[in-house]
8 protein chains.
Amino acid sequence: MPELFVDLGFARVDTDRARRCGFPEVIFGANKTPEEVVAIGRVILEKEGGVLLVSRANEQQHVALLAAFPTAKWHARARCLTVELTPRPKLAGTVAVVCAGTSDQAVAEEAAVTLEVFGNQVERITDVGVAGIHRLLAVRDRLEACNVVIVVAGMEGALPSAVAGLISKPVIAVPTSVGYGASFGGVAALLGMLNSCGSGVTVVNIDNGFGAAAMASMINHL
Amino acid sequence: MPELFVDLGFARVDTDRARRCGFPEVIFGANKTPEEVVAIGRVILEKEGGVLLVSRANEQQHVALLAAFPTAKWHARARCLTVELTPRPKLAGTVAVVCAGTSDQAVAEEAAVTLEVFGNQVERITDVGVAGIHRLLAVRDRLEACNVVIVVAGMEGALPSAVAGLISKPVIAVPTSVGYGASFGGVAALLGMLNSCGSGVTVVNIDNGFGAAAMASMINHL
Amino acid sequence: MPELFVDLGFARVDTDRARRCGFPEVIFGANKTPEEVVAIGRVILEKEGGVLLVSRANEQQHVALLAAFPTAKWHARARCLTVELTPRPKLAGTVAVVCAGTSDQAVAEEAAVTLEVFGNQVERITDVGVAGIHRLLAVRDRLEACNVVIVVAGMEGALPSAVAGLISKPVIAVPTSVGYGASFGGVAALLGMLNSCGSGVTVVNIDNGFGAAAMASMINHL
Amino acid sequence: MPELFVDLGFARVDTDRARRCGFPEVIFGANKTPEEVVAIGRVILEKEGGVLLVSRANEQQHVALLAAFPTAKWHARARCLTVELTPRPKLAGTVAVVCAGTSDQAVAEEAAVTLEVFGNQVERITDVGVAGIHRLLAVRDRLEACNVVIVVAGMEGALPSAVAGLISKPVIAVPTSVGYGASFGGVAALLGMLNSCGSGVTVVNIDNGFGAAAMASMINHL
Amino acid sequence: MPELFVDLGFARVDTDRARRCGFPEVIFGANKTPEEVVAIGRVILEKEGGVLLVSRANEQQHVALLAAFPTAKWHARARCLTVELTPRPKLAGTVAVVCAGTSDQAVAEEAAVTLEVFGNQVERITDVGVAGIHRLLAVRDRLEACNVVIVVAGMEGALPSAVAGLISKPVIAVPTSVGYGASFGGVAALLGMLNSCGSGVTVVNIDNGFGAAAMASMINHL
Amino acid sequence: MPELFVDLGFARVDTDRARRCGFPEVIFGANKTPEEVVAIGRVILEKEGGVLLVSRANEQQHVALLAAFPTAKWHARARCLTVELTPRPKLAGTVAVVCAGTSDQAVAEEAAVTLEVFGNQVERITDVGVAGIHRLLAVRDRLEACNVVIVVAGMEGALPSAVAGLISKPVIAVPTSVGYGASFGGVAALLGMLNSCGSGVTVVNIDNGFGAAAMASMINHL
Amino acid sequence: MPELFVDLGFARVDTDRARRCGFPEVIFGANKTPEEVVAIGRVILEKEGGVLLVSRANEQQHVALLAAFPTAKWHARARCLTVELTPRPKLAGTVAVVCAGTSDQAVAEEAAVTLEVFGNQVERITDVGVAGIHRLLAVRDRLEACNVVIVVAGMEGALPSAVAGLISKPVIAVPTSVGYGASFGGVAALLGMLNSCGSGVTVVNIDNGFGAAAMASMINHL
Amino acid sequence: MPELFVDLGFARVDTDRARRCGFPEVIFGANKTPEEVVAIGRVILEKEGGVLLVSRANEQQHVALLAAFPTAKWHARARCLTVELTPRPKLAGTVAVVCAGTSDQAVAEEAAVTLEVFGNQVERITDVGVAGIHRLLAVRDRLEACNVVIVVAGMEGALPSAVAGLISKPVIAVPTSVGYGASFGGVAALLGMLNSCGSGVTVVNIDNGFGAAAMASMINHL
């Protein structure tokens with residue numbers, strides 16, 4: 001029987017995750033010390049196949065991780081750290097990451113970095129809001145050519161409905177906290193996406209680019 | 001000095017409204033007895049120019065009003081009553097009333113009936129949701145030809161953004177209570193519209209077809 | 001160029017949907033008259049491949065549809081109507097539909113019926129709440145054998161997290177309005193699912209069994 | 001066929017907006033770097049008629065824009081940047097911008113600056129709250145003389161109802177985040193305005209002076 | 001020492017309330033059987049001075065109370081029952097009960113009936129919404145002549161601010177559940193009143209005419 | 001190894017619950033058919049020790065259960081059904097169930113019936129709201145004599161704080177949906193209890209008398 | 001006719017307020033520059049009787065006001081500035097200001113300072129929470145001796161109910177933003193107070209000590 | 001008769017609490033000056049048995065308390081200060097404090113420190129989220145061996161349900177503000193716990209480790 005977890009005292013690292021779920025535990029960097037990140041990361045890299053992702057990371061964690069693993073890479077816009085001792089083989093299928101406005105790019109990049117570290121090819125498409133619908137129609141064929149489409153949008157979150165109406169591929173909608181006033185930190189976009197009139201749209205938490213990518217990667221690996 | 005209001009005891013009817021605001025008081029039928037509707041209606045018809053609109057009306061109010069004013073008309077889908085003793089002259093300009101789905105038609109009809117009784121021509125366009133955007137593109141020129149466009153939508157309320165991005169005319173968005181679950185009785189649509197990425201979109205209360213029409217009529221009369 | 005839609009006056013039926021999105025328009029039965037359902041259904045059956053699904057349907061719509069199409073079938077628990085003039089070929093892959101409690105079955109059945117009419121095989125698993133976790137562990141292998149897992153749960157909505165932690169397949173979570181008090185009609189379950197600590201979980205609207213199935217079917221067809 | 005957009009990589013600038021919607025794209029400055037603002041601004045100025053507006057701007061963006069366009073102007077209270085290489089001709093009609101309290105002036109100025117750059121004359125009226133109704137009655141005739149009235153108010157947001165009851169011109173209500181406690185960052189004012197008992201009142205998002213002005217300018221251009 | 005309460009098993013009737021608080025316990029009729037109302041009422045009438053008020057009462061409770069106390073009186077619009085075996089002496093001072101619209105009258109009547117049974121004179125003023133402010137200015141002197149003013153309003157709840165700005169007497173605001181859509185059952189009015197820009201405005205629960213009257217009566221008795 | 005559950009198709013009955021958790025599964029009656037209740041009940045009675053509780057039950061379920069188990073008992077006010085083939089031995093310790101108002105009694109009875117069927121003695125105390133604090137002080141010693149105190153209250157939910165300040169025993173607070181307007185179906189009481197300034201207060205869901213009793217019974221069995 | 005207001009450009013100072021409402025306009029200091037406070041203050045002091053109150057003030061405003069009016073006084077805990085060129089005569093009646101915890105004192109002091117500048121005597125009572133009810137019972141007679149009682153409380157806001165149940169004087173409840181988690185910045189206390197089971201309780205906005213004092217002063221002046 | 005409280009002017013220290021409720025008043029450090037903490041602490045230590053706990057404390061309070069009581073101890077992670085002049089005897093029974101993720105540890109430590117100062121033994125178990133359910137199953141027996149289990153979790157708050165389904169001991173659930181987006185500062189976890197399908201789960205306020213410990217200690221002392 002494989003070792004199921006490693007108890008570090010402050011954390012129980014799940015070392016059976018890659019076997020059960022297809023990819024290792026990802027470290028949620030927020031509220032963790034650089035030392036904790038390095039210690040957990042070391043266990044994952046050793047036990048779970050040589051690939052590590054830290055989301056919601058910060059510069060201090062970057063410095064500490066780099067000291068421990070010289071190939072650690074800091075993705076500033078995505079606020080992610082990655083270490084790829086044994087990179088995953090790239091899949092043939094592609095995942096599109098579309099975002100509605102330039103302000104949604106941090107979340108879109110978190111999705112894209114996650115996808116890449118788990119072995120997916122990514123097609124990035126930026127700034128195709130519904131208020132200029134021709135910008136979306138211009139990329140319809142590129143979207144249809146992908147296996148899954150992640151759509152990142154703030155404000156009213158209308159883009160996933162429009163995308164879903166154009167293609168036959170699953171759409172994963174990511175509401176962002178971009179907006180002001182009655183956007184309520186992304187709630188307006190979240191509700192818009194949950195009530196989408198488009199078929200085949202599912203939704204993740206506000207700003208959860210990682211979650212969308214995890215789902216998309218699972219689909220792309222089928 | 002004109003008589004400013006008539007005190008009926010249970011109501012103070014504003015008889016100076018048409019002079020001040022351009023159209024007479026409209027009776028909000030909900031919670032009023034048929035007798036109250038008739039009494040208030042009689043004052044408005046006598047003092048304010050011969051045109052009456054009762055919104056959120058019911059069949060009993062219809063029967064009572066018909067007995068008092070044989071030309072009273074019941075608009076069932078719109079839940080409105082109208083009496084036009086001296087119909088308003090029709091304006092040259094047109095107001096479009098667009099709705100996203102077949103379930104939004106009651107609210108759209110309340111808007112359309114209001115517009116007509118106040119002297120506007122109405123262009124009705126039904127069932128042009130964003131999940132089949134070609135249905136909207138097909139009517140773009142008809143919309144641009146109007147002076148104002150009222151857009152009625154439930155669920156995620158994305159249609160006004162798409163419309164506003166296509167035309168140069170003011171868009172008045174009406175969220176409807178159509179939907180279920182996290183539509184929260186129209187809140188999702190309302191928030192979507194308030195956060196519209198389209199310019200020139202303003203919003204009225206959930207299901208408030210009358211309010212949208214009152215605004216549109218004022219604009220059309222400029 | 002194919003005919004893009006048919007304008008019935010009260011509805012513009014999208015007759016290009018199956019080509020664009022992989023399956024025809026589904027009629028949302030709520031707020032539609034039996035006559036409207038039959039008229040729209042006739043267009044879809046003629047133009048879009050011989051398969052029809054009406055969700056949130058009622059008995060009157062059943063009677064009317066049966067008169068028009070003798071093979072129409074009423075799925076009482078799922079509140080769905082189907083007509084399969086030319087049934088879709090069954091896919092090899094299977095979709096699991098798991099529900100947490102016996103009260104969640106109506107929503108689960110809406111998902112299962114949708115999946116079947118679109119050509120998917122369905123594995124139904126009922127009543128595996130987290131308060132008796134051994135009931136879930138007992139079906140782990142059956143879940144892993146499917147391509148996608150739909151998890152339907154009300155109350156605190158904890159089941160998708162537990163399922164996602166056990167398998168490597170995408171999980172689509174459907175919150176239900178089952179519960180009372182601070183469940184707020186499914187909001188507690190919805191929030192629980194959006195905040196799931198499990199990777200690869202996406203969410204649809206409260207009680208939206210159809211939406212989960214549409215997504216799952218798209219994934220299963222990849 | 002005109003060029004529909006310019007793809008800058010990080011943004012797709014809509015260069016067909018002025019033709020379609022009557023005025024060019026406005027840059028929402030929040031979350032954009034000074035370099036992004038300059039690059040997008042350059043495209044808009046070149047392709048869309050020589051007028052640029054940046055809303056929610058900051059000092060750094062001001063410095064960068066001034067280096068590129070020496071006539072760039074910083075409107076500190078409104079937090080807006082404008083460049084007018086080819087100023088729009090002034091319309092004969094006037095738009096009033098009324099605000100309820102001295103704290104609402106930043107939002108009112110965003111509306112006023114937007115109106116002016118798009119060629120409207122503006123009548124500014126400050127501090128006419130409903131708790132001293134004589135201050136409002138004193139300006140009634142000035143309001144009636146305008147084509148549209150924008151009313152900016154925080155706290156309970158009662159001013160638009162009172163204004164709408166006095167005049168025959170459309171009223172666009174802008175709730176502000178001014179207030180404390182149960183004002184909930186402008187939600188109380190927003191709800192008050194959506195539920196206005198005055199006819200002809202429509203509403204924009206909290207603090208959205210720009211949106212109100214865009215609508216008012218469209219109306220004023222009819 | 002006086003008897004502090006009477007234990008009826010299903011209720012502990014506070015028989016020291018009139019001494020401590022100035023008026024006896026009032027029975028909240030909702031969810032009580034007619035028998036419970038009569039039993040509690042009998043204790044209050046015997047121990048607390050011969051005056052009884054049942055709020056939120058219904059017809060069955062009326063019938064039962066009338067059988068026990070032939071002078072029981074049913075106030076249909078106010079949904080209140082009263083028994084006055086020993087009527088309270090009338091105070092010289094008057095309390096005004098103002099309501100914004102005809103639909104707010106049920107709540108206003110609950111306030112008025114409560115005031116009268118506790119010995120206050122009441123001035124009723126109906127239908128003076130802010131959208132026709134001249135209707136309010138016309139009654140300014142009548143309001144100033146009272147000791148306290150209760151203002152009852154639904155929808156946006158703007159009336160208390162306008163009243164408070166005109167007079168020097170305390171204003172008690174009662175939001176009502178009148179409205180639709182984003183009135184959220186009176187929440188919009190409640191928030192409007194809590195954020196009133198008028199000084200000297202306090203607020204009670206939605207539809208709580210009784211609570212406003214209890215406070216006003218205490219003030220009037222000072 | 002004991003049988004862990006019985007699969008009835010529509011339900012998987014946990015038959016290991018009494019061993020693991022101290023008492024058998026309780027049937028939540030809402031949304032279940034009488035046949036389902038009887039079938040599940042039969043399994044529980046046979047496998048889990050001869051005691052059955054159905055909460056949120058109705059009359060039809062009563063009739064069906066009585067036909068199957070002639071000693072089934074209907075607790076109308078508590079909306080509970082019980083069958084005690086092998087009654088649990090009564091513990092020496094007592095649990096108090098206190099309620100603030102007469103309208104809270106249904107929830108209090110659900111707690112009391114649950115406690116009794118699981119072998120606890122119950123002290124019922126009714127109608128001791130904080131507005132007549134002497135009614136609470138009068139029962140202080142009876143409360144201190146119990147092992148646990150369940151406090152049931154609607155409206156502002158202040159009673160648990162007052163109780164907790166008087167005694168040294170754990171207090172379990174049950175908010176009820178009693179109230180109107182801004183009580184929001186029990187939310188006000190729930191928030192009041194969660195924010196209690198009293199130490200040793202924990203809270204269950206709105207109207208969840210059963211949950212409070214389950215916890216209290218566990219404590220009483222320690 | 002008296003001068004009704006003075007237009008300073010950035011503000012219209014109501015100079016008829018003392019005549020209409022009994023006390024002059026109070027400056028809400030938040031969001032105002034020191035220069036604006038001095039300019040508005042000068043008008044009020046000259047036209048409205050020689051007494052000035054600035055609420056939500058800061059140190060810079062203090063310095064500027066002191067330069068203009070050497071007797072200006074800074075009340076640090078209350079965050080208020082006062083100038084009393086012609087102090088109001090003290091009334092015989094007293095207003096009590098009670099607070100539940102030591103953290104509520106800033107709000108209580110805002111109320112107390114307001115009361116004093118408007119000529120009321122104040123009885124301050126601190127830290128009498130319901131979790132130690134004997135602390136409240138100990139001051140019952142001091143409260144009954146006052147004309148009005150202001151009760152300031154955060155967390156669950158239960159104190160006003162307990163106070164109202166003990167005395168015959170009006171109670172004005174002020175919820176504070178003290179608390180954490182599900183206190184939601186004072187919402188829990190606000191809801192608790194609106195749903196108070198005590199009679200004669202009215203409520204003001206969260207942290208609105210001034211508003212409570214304005215009402216109490218009006219009552220005390222009757 | 002014992003002295004019931006000590007009036008320090010800014011605070012009324014309850015000196016009868018240990019007698020009534022089993023443990024002395026705990027100082028809530030937030031918003032208190034170091035001097036206030038020391039003064040209140042001195043009273044409690046002298047009158048209530050020689051044990052002091054300050055929750056939500058800060059470093060300045062630590063320095064001040066250490067100067068007054070050299071044995072004061074600062075628990076940094078728990079943000080608590082303790083002084084144990086006369087430590088309580090340790091009970092035989094143990095309380096488990098389980099937390100779902102490493103980010104929940106601050107709240108868990110507040111609970112653990114509180115438990116220890118009141119004389120309980122504590123079993124700390126960290127990082128046993130439901131997404132790796134084997135980590136929980138591995139500690140089942142350690143949990144069952146305790147008298148009470150406190151479960152601390154953020155995000156979706158599913159852990160208490162899973163724990164309650166495994167053991168026969170009372171579970172006290174503490175939602176934490178850990179999460180982002182639609183976790184709404186702990187609301188998602190709070191709702192999840194209130195709607196737990198597990199029996200015997202009660203809940204405290206978000207981040208209220210102290211409250212859970214106070215309840216658990218009371219139970220452990222029975």
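Residues numbered from 1 in each chain as written. Chains lettered and ligands numbered in written order. Predicted model: local features only at pLDDT ≥ 70, side-chain atom pairs only at ≥ 80, totals over all residues. Heavy atoms only, no water.

Draft legend 1. Structural detail: the overall build of chain A. Helix and strand counts for chain A come out as nine helices and 11 strands. Principal-axis analysis of the C-alpha atoms places the extent of chain A at approximately 50 × 40 × 30 Å. Scored against the burial criterion, the 222 residues of chain A give a buried share of 70%. Look at the contacts in chain A between residues 6 or more apart in sequence, and 66% of them connect residues 24 or more apart. Just so you have it, chain A exposes about 6600 Å², and 54% of that area is on carbon and sulfur atoms. (Helix = DSSP H or I, 4+ residues; strand = E, 2+ residues; numbered from the N terminus. Buried < 20%, exposed > 50% of the residue type's maximum accessible area, 1.4 Å probe, protein only. Contact = heavy atoms within 4.5 Å. Areas by Shrake-Rupley, 256 points an atom, 1.4 Å probe, with all protein chains shown as cover.)

Draft legend 2. Structural view of the relation of the copies chain D and chain E. Least-squares fitting of chain D to chain E yields an RMSD of 0.0 Å, with the transformation described by 0.0 Å of translation along the axis and a rotation of 180°. Each copy turns onto its partner about a two-fold axis. Across chain D, the smallest distance between a C-alpha and the rotation axis is recorded for A158 of chain D, namely 2.6 Å. Mapped onto chain E, 100% of the interface residues of chain D again fall at the interface, so both copies present the same surface. (Least-squares fit on C-alpha atoms with pLDDT ≥ 70 in both.)

Draft legend 3. Quick peek at the interface of chain D and chain E. Each partner contributes residues to the interface: chain D has 23 residues there, and chain E has 23 residues. Where chain D abuts chain E, roughly 1900 Å² becomes buried across the two surfaces, and 70% of that area is made up of carbon and sulfur atoms. Considering only the side of chain D, the residues that lose the most area to chain E are A131, E156 and N195 of chain D, jointly responsible for 31% of the buried surface there. If you look at where chain D meets chain E, you find zero salt bridges. (Buried area = accessible area lost by both parts, 1.4 Å probe. Salt bridge = Lys/Arg side-chain N within 4 Å of Asp/Glu carboxyl O.)

Draft legend 4. The arrangement of the arrangement of the chains in detail. Separated without contact, chain C and chain G have their nearest C-alpha atoms at a distance of 13 Å. Taking C-alpha atoms as the reference, chain B and chain H come no closer than 13 Å and do not contact one another.

Draft legend 5. Quick look at the interface of chain H and chain F. Chain H puts 33 residues into the contact, and the matching count from chain F is 33 residues. Across the chain H/chain F interface, buried area totals approximately 2600 Å², and carbon plus sulfur atoms make up 64% of it. The largest per-residue losses of area from chain H upon contact with chain F belong to L194, M215 and L222 of chain H, which jointly make up 21% of the total buried on that side. Joining chain H to chain F, the criterion identifies zero salt bridges. Counting every contact that joins chain H to chain F gives eight residue pairs in polar contact (both at pLDDT 80 or more). Among the elements of the structure, α1 (17–21), α6 (140–144), β10 (171–175), α8 (187–194), β11 (201–203) and α9 (209–221) of chain H are those that each provide at least two residues to the side of chain H that touches chain F. A per-element tally of the side of chain H that touches chain F places α9 of chain H first, with five residues. Residue composition of the side of chain H that touches chain F, by class: 19 nonpolar, nine polar and five charged. (Polar contact = N/O pair within 3.5 Å; in protein donor to acceptor, adjacent residues only side chain to side chain. Nonpolar A, V, L, I, M, F, W, Y, C, P; charged D, E, K, R; others polar.)

Draft legend 6. Representation of the relation of the copies chain H and chain F in the model. Between chain H and chain F, which share one sequence, the superposing operator has a rotation angle of 180° and an axial displacement of 0.0 Å; the RMSD is 0.0 Å. A shared interface surface links the copies, since 100% of the contact residues of chain H are contact residues in chain F too.

Draft legend 7. Fine view of the packing of aromatic side chains. Across all of its chains, the model carries 16 aromatic pairs over all chains by this definition. Aromatic pair F23 of chain H and F118 of chain H: ring centres 4.6 Å apart, planes at 35°, arrangement tilted. Pair noted here: F23 of chain H is in the loop between α1 and β3 (27–28) and F118 of chain H is in the loop between α4 (105–117) and β8 (121–126), with a separation of 95 residues, a long-range link. Judged by its relative accessible area of 6%, F23 of chain H is buried. Here F118 of chain H falls in the buried class, since its relative accessible area comes to 2%. Its guanidinium or amino end placed over the ring of Y180 of chain H, R56 of chain A lies 4.2 Å from that ring's centre, counting from NZ or CZ. (Phe/Tyr/Trp six-rings, centres within 6.5 Å; stacked < 30°, edge-to-face > 60°. Lys NZ or Arg CZ within 6 Å of the ring centre and 35° of its normal.)

Draft legend 8. Molecular detail of the environment of V178 of chain G. All names here are of chain G. With respect to the element layout, V178 can be found in the loop between β10 (171–175) and α8 (187–194). Given the relative accessible area of 16%, V178 is considered buried. Considering only alpha carbons, one finds V178 and E59, 119 residues apart in sequence, at a separation of 23 Å. Those residues in contact with V178, other than ones at most four positions away along the chain, are S103, D104, G154, M155 and S183.

Draft legend 9. Here's a closer look at the pairing of strand β8 (residues 121–126) of chain F. Residue and element names in this part refer to chain F. Summarising the sheet, strand β7 (residues 94–99) and β8 pair through six bridges and their orientation is parallel. When the bridges of β8 are listed, C99 appears paired with T126. Regarding the hand of the β-α-β motif, the stretch spanning β7, helix α4 (residues 105–117) and β8 is right-handed. (Pairing = 2+ DSSP bridges. Right-handed = clockwise from strand over helix to strand, strands pointing away.)

Draft legend 10. Just the side chain of R135 of chain D, in detail. Looking at where R135 of chain D falls in the secondary structure, it is placed in helix α5 (residues 133–137). Within the buried set, R135 of chain D has no salt-bridge partner at all; the shortest N-O distance to an opposite charge, 4.2 Å, is to D127 of chain D. Leave out the neighbours within four places in its chain, and R135 of chain D touches D127, V128 and G129 of chain D together with F5, R12, D14, R17 and E25 of chain G. (Lys, Arg positive; Asp, Glu negative; His and termini not counted.)

Draft legend 11. Molecular detail of the side chain of H62 of chain E. Residues and elements named next belong to chain E. Positionally, H62 belongs in helix α3 (residues 59–68). H62 sits in the buried class, given a relative accessible area of 14%. H62 has contacts with W74 and L81, leaving out every residue within four places of it along the chain.

Draft legend 12. Spotlight on the sheet that holds strand β5 (residues 73–75) of chain D. Residues and elements named next belong to chain D. Strand order in the open sheet formed by four strands is β3-β4-β6-β5, and the pairing between neighbours is mixed. Every other strand in the sheet has two partners, leaving β3 (27–28) and β5 as the edge strands with one partner each. Of the strands in this sheet, β3, β4 (51–55) and β6 (80–84) touch helix α2 (residues 34–47), which is tilted by about 150° from β4. Here helix α3 (residues 59–68) sits on the sheet in contact with β4, β5 and β6, set at roughly 15° to β6. (Axes fitted to C-alpha atoms, helices over the stretch in contact; angles between N-to-C directions.)

Draft legend 13. Seen up close, the pairing of strand β9 (residues 148–153) of chain C. All names here are of chain C. Counting buried positions along β9 gives six out of six residues, so the element sits mostly inside the fold. Bridge count for strand β7 (residues 94–99) against β9 is five bridges, and the pairing is parallel. Its bridge partner lying in β9, C99 is registered against V152. The pairing of β9 with strand β10 (residues 171–175) spans five bridges and is classified as parallel. Directly across from I150, in β10, lies its bridge partner I172. Read from β9 through helix α7 (residues 159–164) to β10, the crossover connection turns out right-handed.

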